[in-house]
Structures are given as C-alpha cells and as structure tokens.
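Examining the three-dimensional arrangement
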Amino acid sequence: MVLDKNNTDELWDLEPPSVPERSHLFHLKPIGMGTANVESLTSYIARLAQAHCITVGRLVCAEIAPSLKEGYVFNPKNSDMSKVYNSIFTKSLNGKCSTAAVIVQVLEKLTQRNDLHFLTMLSWADVISEKYLLHPQKAWCPFCYQEWFEAKQVVYEPLIWALHVVQICPRHHCRLHTQCPHCYKKLPLLPGNYRSGYCSKCQSWLGLFPEPETFKNSQFLSEEELELQLKVLDNVGELLAIAPDILFYPPSNNIKNVISVYINQLTKGDLSEFAKLLGLSPHSLNKWYRGKAIPGLNKLLEICFYLQTPLVDFLMATKVSAASNDIPIQPQTPVKRSTQTFRSNPSLLEEVEKVLLAALEESPPRSLYKVVKDLKNITRSSISRYFPNLCCQISERYAASRKPNHQKIRPVLLSVVNNGEYPPPSVAVIAKRIGIRSKTLYKEFPDLCEKISEQYSCYIKLRQLERIEKIKQEVRQAVLKLHNKGIKPHSRYVSELLSKPGLMRDKNAIAALHEVRCELGYE
Ligand SMILES: [Zn+2]
Ligand SMILES: [Zn+2]
C-alpha cells in the first residue's frame, strides 16, 4: 500500500497519553534503601524540606499537619511550633510508635512512595519493645559528615545512628557524638530549623575539623568495647538491610515460641535456670515466655550473643539452633514463618500475582487494604514494590466504585430543593439518607448543597424567631397576670409563672419583661 503523504491523519494516535498520577511533594528517593546504612525518617523529612526549599517546620505545619486527623498529635488549625515539636513527637519518629506509622502513611501519600516505612523500625514493631529503642537525642558521626561534605555527597543521617544500642559509627568505629562541640548542647532530632550536618542551637558545622590527636583518640573505644559494638552493628545492620525484602512482619508470638524452645532444650523447661544462664531477670523472662511482653533490642542482642544466633533469625524464628550447646533443638511448635523473600520464592510471586489479577475482576471491588489482608500477612509494602501497577489499578478501581453516583443522587437533591419538603432537611440529614459523607456531597454537588443549606438555615432562623415571640408572649401574659392582681411584676414572681423555671435567664425574656414593665409604668 502506498501512503498518501498529504493524508496521514488516520495514522495519528489520537488517544491522550496516559499520565501517571502526580505526587503532591517530590518523589524523593530515600538513601541506602535495603542496606544497613538506610536513612532515617527524620533525615528523609529534612531532605524533603530542603528539596522544596522550605524549613522542616514549614513542611511539617503546612504539608504534613493538615493531612493528619484533627486532634492527632497536634491541631493543624493551631499549628503552634512548640506543640508540633514536642519531645514525644520527634523523639519516636524513627521508631515503631503509632505516630511514626501515621507520619509514614501521610508522607507516602504526599510523595507517592511506598517504601518510607523502612526508614523506621515499624517492620519490627511486634517483636522489639519500644523501651531504649532510640537515642533520646540526635547522635552523629562527625567523620561521616566531613567525608560526605568534602566528597560533595548528600549529608544525611542513617537510621542505625538513631538506635540506642549503637554507640559507634559503623564506618569509622568512633563514638557517635551526642553533644555539639561548639555550644555543648544536646540536639533535638528534628527541630523546625534543621539543617543536615549543622547544630540547630548555634548553627555550627558538626563535621570534624582538624582535631588534636588526643581528642581523636578519646573518640575510639577499647578493644573489648569495640568487639561488642561490631557484633551489635552486624546484627542490627542486617535487620535494617533485610526489612524491605521480608514478606511477613514477624508477629509477637515469635518471641514467645523461640524462647520456649530454647528454655525446653537448654534447661529442660526450667525458666529460672535459663534466666540465670543468660543473666536475665526471671520476672522479665517470664513475661516474654508467657507472651505478655516483648524484650528491648538490648536484651534481644544479649540473648542472641549468648545463643550465637543472628538477631534476624531469632526475630523471624527461622533457625532455632543452640550453637553454644551441643543439644539438638527441635522446635515444639512448627515455625511456619521464615525470612523468605519474593526473590527466593518465585512460586509465591506467581501466587500473589494471581490473587491481585483476580481482585481486578471482582465485583464489587475490594480495597487494596482488604486484598492484601487476605494474602496471609504478606506486607503491603512488599506487594507494592513488586506489583506497583496492579496495586495502583486495584486502588483506582476501588476509588472509582466509591465515587458517588451522580445519576442517582442528583434527582434526590433536586426533589429536596424543588418540592419544598417540610421541615427542610439539612445536607447532613440527606447525606445520611443517601449513605455517603456530607463532605463528599458538598464537593460533588456544590450548587444544590448550597440551596439545601440555605433553605435549612432559613427554616432554623424562622424557628428561632417563633421561639423568641413565644417567650415574649409568655412573659407578657405572666406580667399582666401579676399586674392585674396588684402585685409588682418582679422577675422572681414572673419566673414562677413561666412554663420552664430557667426561662427568665433568657435575654429575650429579660427584654420582654423590661418592655412590658415600661408599658405599665413600673420603670
Ligand atoms: Zn562515621
Ligand atoms: Zn552547637
């Protein structure tokens, strides 16, 4: 076929190109994801603010706070900085508390990312206690700051620096600093005027300037201390690195199961003997054993060092082995959960894909949350990482199904406006009748809602006027009654004659009394 060069219109693709949804804030990529040096959430928030050329305070107050539920942590209407930056809020942000979870959720929505979860300890929320999890203040390595600065790399704060058990820098093996060397102040984690690598109190650079040798040496640890810290770094680093790849967030009963297996095998079920062996408090051990509490990261590491088990294996209950003893350990309860990843288990990948594809055909559509919930505790973030498009389609389909049906709702609203229902209902009442939120109704049908709202407020005003008139009449009758009997209409006597005892306190009643008393010549 010979193409007519003057008439190629039919070959043009007139379909508008599909443009992916835009994020409200920059889709900033976190540093070191999937490694032991992954950045912390507070560091990410600071870099996000920097990328937008605004302060952290502005970002939190203007972007994050309005997306939070009102009354949660702080009230956005009253965005008082001191309240926003109260110690509880920023201290625990890199940890596992509900505030961290909420902020992650809000930031993921604003940046359209699905991996900000891993900048906190939320993946391990059910197996590591919050106690002593994080340093109460900012801790940093001045050598790292200086190196990044000189190499023109991004200056950031790794999550590992925030953990209380970590006392040294994983790269330089020097003690982490917790006090500004210029103003000697301890520094908050995420102040409103935060600048990466600078003191928020005196604005000095926190990287290392040439220091005297003596000072440098005092920063390093004894061999024994160093050996222990290196073990801590290995175990904790693995925990942070593996978090994006695990399919199941370990449940709290993992701790109970693993401890009970070890107690049975090492001390034949003798709890106090086991506590003595590991130098633990029998009271705490009993709580963990009965599943009433979970250990802190420091205690977990002590146990793991004694049992010579990697911390990840202990928390995920994968390998239950007692290398420090020659007793073969047979778990009492089969431990099903494991540190398998999608990469190590391709059949699971296929299985999940099938479920997601099936969810796209379902009617009525289910939300992504519900679909993921039925996937036997596989984390939403793992699924979104491997199937971003399918997840997006499921969410969009669900959102579309939740959109109000204009063809059905409009006639209902029109009939309320035109047929003069009496008493006229408020928008909230109609929303309840239809079964959607009044906020949605206002958003979708602003004109009709305005009319309905107008009718309703007219009715309310009328009712108010009627009420005032009724009060006036009642007071007038009472005053006249007293006057006719020859009694001076004092408000106390009038009050006794009214239908409600407190009515004489109403300003309209007082005005009416004053008016009639004037008419009768009492005033
Ligand atoms: Zn360092
Ligand atoms: Zn300072």
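Just above sits the structure.
What counts, and at which threshold
Residues numbered from 1 in each chain as written. Chains lettered and ligands numbered in written order. Predicted model: local features only at pLDDT ≥ 70, side-chain atom pairs only at ≥ 80, totals over all residues. Heavy atoms only, no water. Axes fitted to C-alpha atoms, helices over the stretch in contact; angles between N-to-C directions. Helix = DSSP H or I, 4+ residues; strand = E, 2+ residues; numbered from the N terminus. Left-handed = near helix turned anticlockwise from the far one by under 90°. Contact = heavy atoms within 4.5 Å. Nonpolar A, V, L, I, M, F, W, Y, C, P; charged D, E, K, R; others polar. Donors = N, O, S within 2.8 Å, 3.2 Å for Na, K, Ca; no water. Tetrahedral: all angles 85-135°; square planar, octahedral: opposite > 155°, others 65-115°. Buried < 20%, exposed > 50% of the residue type's maximum accessible area, 1.4 Å probe, protein only. 1 Å grid on protein atoms, 1.4 Å probe; cavity = no way out; pocket = protein on both sides within 12 Å on 5 of 7 lines; lining within 4 Å. Points joined across faces, edges and corners; volume = space filled by probe spheres on them. Phe/Tyr/Trp six-rings, centres within 6.5 Å; stacked < 30°, edge-to-face > 60°. Lys NZ or Arg CZ within 6 Å of the ring centre and 35° of its normal. Salt bridge = Lys/Arg side-chain N within 4 Å of Asp/Glu carboxyl O. Core = buried A, V, L, I, M, F, W, Y, C linked by side-chain atoms within 4.5 Å. Domains from an automatic or database assignment.

1. Side note on the packing of helix 1 (residues 41–51) against helix 5 (residues 98–111)
Relative orientation of the contacting elements helix 1 and helix 5 amounts to 35°, with a least axis distance of 12 Å. As for how helix 1 packs across helix 5, the hand of that crossing is left-handed. On helix 5, the residues touching Leu 41, Tyr 44, Ile 45 and Leu 48 of helix 1 are Ile 103, Val 104, Leu 107 and Thr 111. Considering only residue class, the contact of helix 1 with helix 5 consists of seven nonpolar, one polar and no charged.

2. Remarks on the coordination of the zinc ion (ligand 2)
For the zinc ion (ligand 2), the full set of protein donor atoms is Cys 180 (SG), Cys 183 (SG), Cys 199 (SG) and Cys 202 (SG), and the range of their distances to it is 2.1 to 2.3 Å. Seen from the zinc ion (ligand 2), its four donor atoms lie at angles of 105 to 114°, and the figure they make is tetrahedral. Site description for the zinc ion (ligand 2): donor spacing in sequence, C-x2-C-x15-C-x2-C. One end of the pair, Cys 180, is in the loop between helix 7 (159–162) and helix 8 (213–218); the other, Cys 202, is in the loop between helix 7 and helix 8, with 22 residues separating them in the sequence.

3. Digging into the coordination of the zinc ion (ligand 1)
The reference angle at a metal is 109.5 degrees if four donors form a tetrahedron and 90 or 180 degrees if six donors form an octahedron. Taken together, the protein donors to the zinc ion (ligand 1) comprise Cys 141 (SG), Cys 144 (SG), Cys 169 (SG) and His 172 (ND1), at separations of 2.1 to 2.3 Å. Angles of 102 to 115° at the metal separate the four donor atoms of the zinc ion (ligand 1), which places the site in the tetrahedral class. Sequence spacing of the donor residues for the zinc ion (ligand 1), all on one chain, is C-x2-C-x24-C-x2-H. Of this pair, Cys 141 sits in the loop between helix 5 and helix 6 (142–150) while Cys 169 sits in the loop between helix 7 and helix 8; the two residues are 28 residues apart in sequence, bridging distant segments of the chain. The residues Cys 141 and Cys 169 share a single accessibility class, namely buried.

4. Digging into the layout of surface pockets
Computed from the structure, the second largest pocket encloses a volume of approximately 420 Å³. Lining the second largest pocket, in full, are Arg 402, Lys 403, Pro 404, Gly 435, Ile 436, Arg 437, Lys 439, Thr 440, Lys 443 and Glu 444. When the residues that make up the lining of the second largest pocket are grouped by side-chain class, the tally is two nonpolar, two polar and six charged.

5. Regarding empty space enclosed by the protein
Scanning the entire structure with this criterion turns up one cavity of 30 Å³ or more. Considering only enclosed or pocket space, the largest cavity measures out at about 60 Å³ in volume. Along its surface, the largest cavity is lined by Ser 40, Thr 42, Asn 94, Lys 138, Ala 139, Glu 157, Pro 158, Trp 161, Ala 162 and Leu 189. A class-by-class count of the residues in the lining of the largest cavity yields five nonpolar, three polar and two charged.

6. Re the packing of aromatic side chains
On inspection of all chains with the given rule, the structure shows eight aromatic pairs. A connected cluster of aromatic rings, assembled from ring pairs, spans Tyr 145, Trp 148, Phe 149, Tyr 156, Trp 161, Tyr 198 and Trp 205. Looking at Arg 195, its charged tip hangs above the ring of Tyr 198, at a distance of 3.9 Å from the centre. Over the face of the ring belonging to Phe 305 we find Lys 231, whose NZ or CZ atom lies 4.7 Å from the ring centre.

7. Focus on the pattern of salt bridges
Applying the stated criterion to the full structure yields 10 salt bridges. Between Arg 113 and Asp 115 there is a salt bridge; the shortest N-O distance is 3.0 Å. You'll find Arg 113 and Asp 115 in the same group, each marked buried. Three or more residues joined by partner-sharing salt bridges are found here, namely Arg 476, Glu 515 and Glu 519.

8. Describing the nonpolar core
Burial of nonpolar side chains together is a common tendency in soluble globular proteins. Grouped together as the largest cluster of nonpolar side chains are 95 residues, with contacts concentrated most on Trp 124, Ile 128, Phe 314 and Leu 315. Per-element accounting of this core gives the leading share, seven residues, to helix 13 (residues 297–307). Residue assignment places this core across two domains, with domain 1 (24–246) and domain 2 (250–316) each supplying three or more. Excluding residues that lie within four positions of it along the chain, Phe 314 makes contacts with Ile 255, Val 258, Ile 259, Tyr 262, Leu 300, Ile 303, Cys 304, Leu 307 and Thr 309. By size, the runner-up hydrophobic cluster in this structure holds 17 residues, among which are Leu 356, Leu 360, Val 372 and Cys 391.

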